[in-house]
Amino acid sequence: MEYDERLARFRQGHVNPFDRDENDGTTDTKEIPPKHEVRPELFSTETKSQSSDRAMDLGLAEDHFSRPVGSFVASDIEQLKQAIEECKRLILELPEHSERQKDTVVKLIHLRLKLQELKDPEEDEPNLRILLEHRFSKEKSKSVKQTCDKCSTIIWGLIQTWYTCTGCYYRCHSKCMNLITKPCVRSKVSHQSEYELNICPEIGLDKQDYRCAECRAPVSLRGVPSEARQCDYTGQYYCSSCHWNDTAIIPARVIHNWEFEPKKVCRSSMRYLALMISRPVLKLKEINPLLFNFVEELVEIRKLRQDILLMKPYFITCKEAMEARLLLQLQDRQHFVENDDMYSLQDLIDISSGRLSCSLTEIHTTFAKHIKLDCERCQAKGFVCELCKEGDILFPFDSHTSVCHDCSAVFHRDCYYDNSTTCPRCARMTERKQEEPVEL
């Protein structure tokens, strides 16, 4: 009976059935452990119940999460690999969605990160590196998961050093920097600030010699050895490493078809379009003047911009307007106070969505209120119609007025077009010049 009780206790993991009780008169006969014993909590082959009980002990008996002194050896990596396999097996054995299974998954992640750190140990890297006109800045973020633009794999910021170009936002591992062959897109924007205005100018894969247009890797439409992906902006074909199926709005489709549906583009085109989106390089009245006949919003925006240009001289010479910095309300669209015919791609996108019309109308109302109601100096610069000499003070941005192109005098629209004579102000200026004595 006593031996049966000790055997039952052994099965529960409490005692060794070969040990004698202290009250027995004999000495204990315990097994001597082998000299090189493998840690049971990592590489045990016992029953499933005992494996589940020690699932939370993974990585605790042996410190896998601190950097050992000296160089890493192959045994460290092998032990981590075996611990990872054991941890994966335990995850499958534990009850699904249980707390213990979740904790074991977390330990598996840490073990894998430690294995990656052993394979790719962190080294001291400079904070700034310049390569192919890229200005790479060392990133300090450890929690944001990014993708390397060179090798197309995930950047584990917790254990890997990575850089971002401050110009084109090209991201890569520090180990991939010496393999980069793509120059910075911002340099292209600085030297060539213009769009491709032809819709998908395809030349054919045979003209590219069945190679990627950027890295020259072999490509084919069948996907062997790599899938050929077409960029809707350049019309050329790229490999899967240079074309990630990113989408962007194509300027040529907007200008010619007023189409804003994003199309698939390669990585370099995506960066180029992102850097160019706010640059006013589109002169619509030269590229496609008929667009104003079909898009009413463009006509409205053009009138508002023309009025703002007429208001600008009032603000430049007004002390109150300069102190209030009214023109800074258009600091995000500086070209609106310089001309009325240049547009950026972002302007056209906002016109299509209706955002630009609302914001520009509000700014136009604020500017007109200052000139016509709030500021006496600006009111004093108004005009009186010299043809009818009736009505209120006129301003060149009023909707019911006309402006003389020679002297900028303002009249009622009905008076100026119905009068067959010339501008009275221009006539006075001509007479004054004729009366002046001719200097010898």
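Residues numbered from 1 in each chain as written. Predicted model: local features only at pLDDT ≥ 70, side-chain atom pairs only at ≥ 80, totals over all residues. Heavy atoms only, no water.

- Looking at an unreviewed UniProt entry, the protein carries the name Phorbol-ester/DAG-type domain-containing protein, with the source organism given as Pygocentrus nattereri.
- Within the UniProt record for the protein, the comment given under Sequence similarities (unreviewed entry) is "Belongs to the DEF8 family."
- Taken from UniProt, the Function (unreviewed entry) comment for the protein reads in full: "Positively regulates lysosome peripheral distribution and ruffled border formation in osteoclasts. Involved in bone resorption." (UniProt positions renumbered as here; feature names shortened; annotations may be inferred.)

### Some points on helix α8 (residues 267-276)
Line of reasoning, step 1. Burial within α8 is extensive, with 7 of its 10 residues counted as buried.
Line of reasoning, step 2. Next to the buried residues of α8 lie α6 (185-191), β9 (246-248), α7 (251-257) and β10 (263-265). (Buried < 20%, exposed > 50% of the residue type's maximum accessible area, 1.4 Å probe, protein only. Helix = DSSP H or I, 4+ residues; strand = E, 2+ residues; numbered from the N terminus. Contact = heavy atoms within 4.5 Å.)

### Quick look at the environment of Thr161
Line of reasoning, step 1. Note on placement: Thr161 falls in the loop between β4 (154-155) and β5 (162-165).
Line of reasoning, step 2. Between the alpha carbons of Thr161 and Lys138 there is a distance of 7.5 Å; along the sequence they are 23 residues apart.

### Concerning the nonpolar core
Line of reasoning, step 1. Counting 71 residues, the largest nonpolar core has Leu284 and Leu348 as the members making the most contacts within it.
Line of reasoning, step 2. Counting residues per element, this core draws most heavily on helix α11 (residues 296-316), which supplies 7 residues.
Line of reasoning, step 3. With residues up to four places along the chain from it excluded, the contact list for Leu348 reads Val254, Trp258, Phe260, Leu282, Leu284, Leu298 and Tyr343.
Line of reasoning, step 4. Ranked by size, the runner-up nonpolar core spans 10 residues in total, among them Cys404, Cys407, Val410 and Cys423. (Core = buried A, V, L, I, M, F, W, Y, C linked by side-chain atoms within 4.5 Å.)

### Concerning unusual backbone geometry
Line of reasoning, step 1. Even without a glycine there, the phi angle at Tyr169 is positive, about 65 degrees.
Line of reasoning, step 2. Its place among the elements puts Tyr169 in the loop between β5 and β6 (171-173).
Line of reasoning, step 3. With phi around 50 degrees, Trp258 is a residue other than glycine that occupies positive phi space.
Line of reasoning, step 4. Tracing the chain through its elements places Trp258 in the loop between α7 and β10.
Line of reasoning, step 5. Here Trp258 falls in the partly exposed class, since its relative accessible area comes to 21%.

### Quick look at the pattern of salt bridges
Line of reasoning, step 1. Tallied over the entire structure, the rule returns 24 salt bridges.
Line of reasoning, step 2. The closest approach of N and O atoms between Lys283 and Asp341, which form a salt bridge, is 3.8 Å. Of the two residues, Lys283 sits in strand β11 (residues 282-283) while Asp341 sits in the loop between α12 (319-324) and β12 (342-343), which places them 58 residues apart along the sequence.
Line of reasoning, step 3. A salt bridge links Asp341 to Lys285; its shortest N-O distance comes to 3.6 Å. (Salt bridge = Lys/Arg side-chain N within 4 Å of Asp/Glu carboxyl O.)

### Topic: the packing of aromatic side chains
Line of reasoning, step 1. Following the criterion strictly, the structure yields 7 aromatic pairs and no others.
Line of reasoning, step 2. With centroids separated by 6.3 Å and ring planes inclined at 80 degrees, the aromatic side chains of Tyr314 and Phe397 adopt a geometry described as edge-to-face. Of this pair, Tyr314 sits in helix α11 while Phe397 sits in the loop between α15 (376-379) and β13 (401-403); the two residues are 83 residues apart in sequence, bridging distant segments of the chain. In terms of burial, Tyr314 and Phe397 fall into one category: buried.
Line of reasoning, step 3. Among the aromatic residues, those joined into a cluster by ring pairs are Tyr314, Phe395 and Phe397.
Line of reasoning, step 4. When the ring centre of Tyr163 is taken as reference, the NZ or CZ atom of Arg129 above it lies at 6.0 Å.
Line of reasoning, step 5. The ring centre of Phe292 lies 4.5 Å from the NZ or CZ of Arg302, which sits over that ring. (Phe/Tyr/Trp six-rings, centres within 6.5 Å; stacked < 30°, edge-to-face > 60°. Lys NZ or Arg CZ within 6 Å of the ring centre and 35° of its normal.)

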